[in-house]
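Structural description and commentary
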Amino acid sequence: MSPPVFAHGHLRLYLLRLLVDRPMHGYEIIQALSDQSGGTYSPSAGTIYPRLGKLEEEGLVTKEADGRKTVYAITDAGRAELVAREPELDGIETEFTDSVRRLADEVRASVNDAMRTLKADLAAAAREARSEAINVARETTRNATSDPRVASRLQLHEAEAALTEFRGDVREELRAAAASGTLSTETVTLLTTGLTDLRRQLVQQLRG
């Protein structure tokens, strides 16, 4: 747990210092503390109003109704209190500055932790999304291959790829043989006869 921003009794004196500039109502005092700390310290009404009440009891501040608000102003006795404790105020200012820096460091560390957690969550979500996409693709493939027409189209692609590969390889060999003068009638006859026989067998197979 972080130590308090003000040591015991120091917030009371700091409130007097704020009221030296001008009278303020409670919310303005809270806002002034928040502004001076860059938003790292914003005391609750339950922290500020009891201390203002104590200062009023001691005659160091007065309060006056302004519509629905209560405005607090420092008294001559309050100013005398500040003059008497002026050396102490310097230490309180330093204390406040150090506390604000500490709170800022804690906020920064908290933000860094939150960013690391967010990155980890995003990475996990991305992995889950990829896994889900793979599962969907697999399921789609299984469903597709269960349809005879879809399965036949897949087989057609494979057959066409095999024909293209065969044609390319044989053409390359034939051209090389022709270029070297070794392409014979027997080779061509073997090719045409073999293709004729293969075509006949395939037609029989396809037509059942």
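Coordinates for the structure precede this section.
Values in this document were obtained by computation on a predicted structure and should not be read as measured data.

Definitions and cut-offs
All residue numbers refer to position in the chain's written sequence, counted from 1. Side-chain atom pairs in this predicted model are given and counted only at pLDDT of 80 or more, local residue features only at pLDDT of at least 70, and totals for whole chains, interfaces and linings cover all residues. Side-chain metrics in this entry use all non-hydrogen atoms of the structure; hydrogen atoms and water are not considered. Exposure above 30% relative accessible area and the absence of a salt bridge qualify a residue for a patch, where like charges join within 9 Å and nonpolar side chains (Val, Leu, Ile, Met, Phe, Trp, Tyr) within 5 Å. Per-residue and other accessible areas follow the Shrake-Rupley method at a 1.4 Å probe size, with only the shown protein chains counted as cover for residues. Each salt bridge in this description consists of a side-chain nitrogen of Lys or Arg and a carboxyl oxygen of Asp or Glu lying within 4 Å of one another. Here a helix means four or more residues in a row that DSSP labels H or I, a strand means two or more in a row labelled E, and each is numbered from the N terminus. Burial classification: accessible surface area is computed with a 1.4 Å probe over protein chains only, and a residue below 20% of its type maximum counts as buried, one above 50% as exposed, and the rest as partly exposed. As used here, the term nonpolar core means buried Ala, Val, Leu, Ile, Met, Phe, Trp, Tyr and Cys residues forming a set that is joined through side-chain atoms within 4.5 Å. Throughout, a residue-residue contact means that at least one pair of heavy atoms, one from each residue, lies within 4.5 Å. Strand pairing is defined by DSSP finding a minimum of two bridges between the two strands.

1. Details of a nonpolar patch on the surface
A cluster of nonpolar side chains, namely F166, L195, L198, L202 and L206, defines an oily patch on the protein surface of about 500 Å² accessible area. Considering each element in turn, the nonpolar patch owes the most residues, four residues, to helix α7 (residues 185-207). Tracing the sequence through the fold places L195 in helix α7. Look at L195 and you get partly exposed, because its relative accessible area is 34%.

2. Looking at the nonpolar core
In summary, soluble globular proteins display a tendency toward joint burial of nonpolar side chains. Of all hydrophobic cores here, the largest spans 24 residues; its most connected members are L15, I29 and L33. Elements represented by at least two residues in this core include exactly α1 (10-21), α2 (26-36), α3 (45-57), β3 (69-74) and α5 (86-145). Examining the composition of this core, we find that seven residues originate from one element, α1, more than from any other. Beyond its immediate stretch of four places on either side in the chain, I29 contacts L15, L18, L19, M24, I48 and L52.

3. Structural notes on the sheet that holds strand β2 (residues 61-66)
Overall, antiparallel pairing links the three strands, which are arranged β1-β3-β2 in an open sheet. In this open sheet, the two edge strands, each paired with only one partner strand, are β1 (24-25) and β2. Note that β2 and β3 share six bridges and pair antiparallel. If you follow K63 over to β3, its bridge partner there is Y72.

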